[in-house]
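# Analysis of the macromolecular model
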Amino acid sequence: DDTIWVGTGKDGIYRSTDGGKTFNRSDAGIEDRNITSIKAYTTPDKDVGLYATAWRNALYHSDDEGRSWNKSSNGLSTDEQADAPDFMESHFKDIAVSRSMVILSGFDGLFISNNYGRSWRQAETWSIGTISMLAVSPILEQGRHSAILAYSGGAYLIPDAFTDNWVHQARS
């Protein structure tokens, strides 16, 4: 498949189906065109699903390869400090996906969804400015997930992302 999705800082999302030779706008339903990240994943039906974060308007989800998008913000919060015109941090920044679990880092903390992003719970409240990497990996033999965060102060592991039991693994 030669499909590529590109999120721009001010002009939304574009999609190419010819390996990047041509691009067409692909962000119907997205209100905030300041895209901060895009993540593709495989759905249980083996289709392509997409998540995109926007500067101020939460997370968007597409289950039709980016042709249309739906906002997913039930349980997400924002901090009014990030709305200041001269502030340089987005409300939502990075996404990690594994099966039905989605982890979203935001200015107001870290959020976890166990139902494909339909609803969220806040996991912790460290500043997004300290997160340098976010990943989630399935643990197949247990049917559970683990997540890894790299912070400016070291790495943290959550052996079971259905809880908030973060374990400090290493110092930088």
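Residues numbered from 1 in each chain as written. Predicted model: local features only at pLDDT ≥ 70, side-chain atom pairs only at ≥ 80, totals over all residues. Heavy atoms only, no water.

### Here's the deal with the overall build of the chain
Along the chain, the regular secondary structure elements total zero helices and 15 strands. Buried positions account for 41% of the 172 residues belonging to the chain. Carbon and sulfur atoms make up 47% of the accessible area of the chain, which totals about 8,800 Å². (Helix = DSSP H or I, 4+ residues; strand = E, 2+ residues; numbered from the N terminus. Buried < 20%, exposed > 50% of the residue type's maximum accessible area, 1.4 Å probe, protein only. Areas by Shrake-Rupley, 256 points an atom, 1.4 Å probe, with all protein chains shown as cover.)

### Things to note about the pattern of salt bridges
The tally for this structure, following the rule as stated, stands at five salt bridges. Linking D27 and R33 is a salt bridge whose minimum nitrogen-to-oxygen distance equals 2.6 Å. Overlapping salt bridges bring together D11, R25, D27 and R33 as one network. (Salt bridge = Lys/Arg side-chain N within 4 Å of Asp/Glu carboxyl O.)

### With respect to the side chain of S62
Locating S62 in the fold gives a position in strand β6 (residues 59-62). Polar contacts involving the side chain of S62 include one to the main-chain amide nitrogen of G66, which spans 2.8 Å. (Polar contact = N/O pair within 3.5 Å; in protein donor to acceptor, adjacent residues only side chain to side chain.)

### Comments concerning the environment of T22
Within the secondary structure, T22 sits in the loop between β2 (13-16) and β3 (24-25). T22 gets classed as partly exposed once you look at its relative accessible area, which sits at 45%. If sequence neighbours within four positions are ignored, T22 has contacts with R15 and S16. Among the polar contacts made by the side chain of T22, one reaches the side chain of D18 at a distance of 2.7 Å. (Contact = heavy atoms within 4.5 Å.)

### Quick word on the sheet that holds β3
Strand pairing in a sheet takes place through backbone hydrogen bonds and is either antiparallel or parallel in direction. Strands sit in the order β1-β2-β3 across an open sheet of three strands; the sheet is antiparallel. Strands at the two margins of the open sheet, each flanked by one partner only, are β1 (4-7) and β3. Here β2 pairs with β3 via two bridges, running antiparallel. Residue pairing across strands places Y14 opposite R25, the latter belonging to β3. (Pairing = 2+ DSSP bridges.)

### As for the sheet that holds β6
Overall, antiparallel pairing links the four strands, which are arranged β4-β5-β6-β7 in an open sheet. Edge positions in the open sheet fall to β4 (35-42) and β7 (70-72), since each of these has one partner strand only. Taken over all neighbouring pairs, the strand axes of this sheet differ in orientation by 25° on average, direction set aside. Here seven bridges tie β4 to strand β5 (residues 48-54), and the two strands are oriented antiparallel to one another. If you follow K39 over to β5, its bridge partner there is Y51. (Axes fitted to C-alpha atoms, helices over the stretch in contact; angles between N-to-C directions.)

### Observations regarding the pairing of β6
Residues L59 and H61 line one face of β6 and the alternating positions Y60 and S62 line the opposite face, and both faces are buried. Note: β5 against β6, four bridges, orientation antiparallel. Directly across from L50, in β6, lies its bridge partner S62. Two successive antiparallel strands, β5 and β6, enclose a turn made up of four residues, where A58 displays a positive phi of approximately 65°. Bridge count for β6 against β7 is three bridges, and the pairing is antiparallel. Its bridge partner lying in β7, H61 is registered against N70.

### Overview of the packing of aromatic side chains
Counted under the stated rule, the structure contains one aromatic pair. Summarising the aromatic geometry, the rings of Y41 and Y51 are spaced 4.9 Å apart at their centres and angled 20° between planes, so their arrangement reads as stacked. Residue Y41 is found in strand β4, and its partner Y51 is found in strand β5; the two are separated by 10 residues along the sequence. A relative accessible area of 10% means that Y41 is categorised as buried. Among the residues examined, Y51 registers a relative accessible area of 0% and is labelled buried. (Phe/Tyr/Trp six-rings, centres within 6.5 Å; stacked < 30°, edge-to-face > 60°.)

Geometry only, nothing functional implied.
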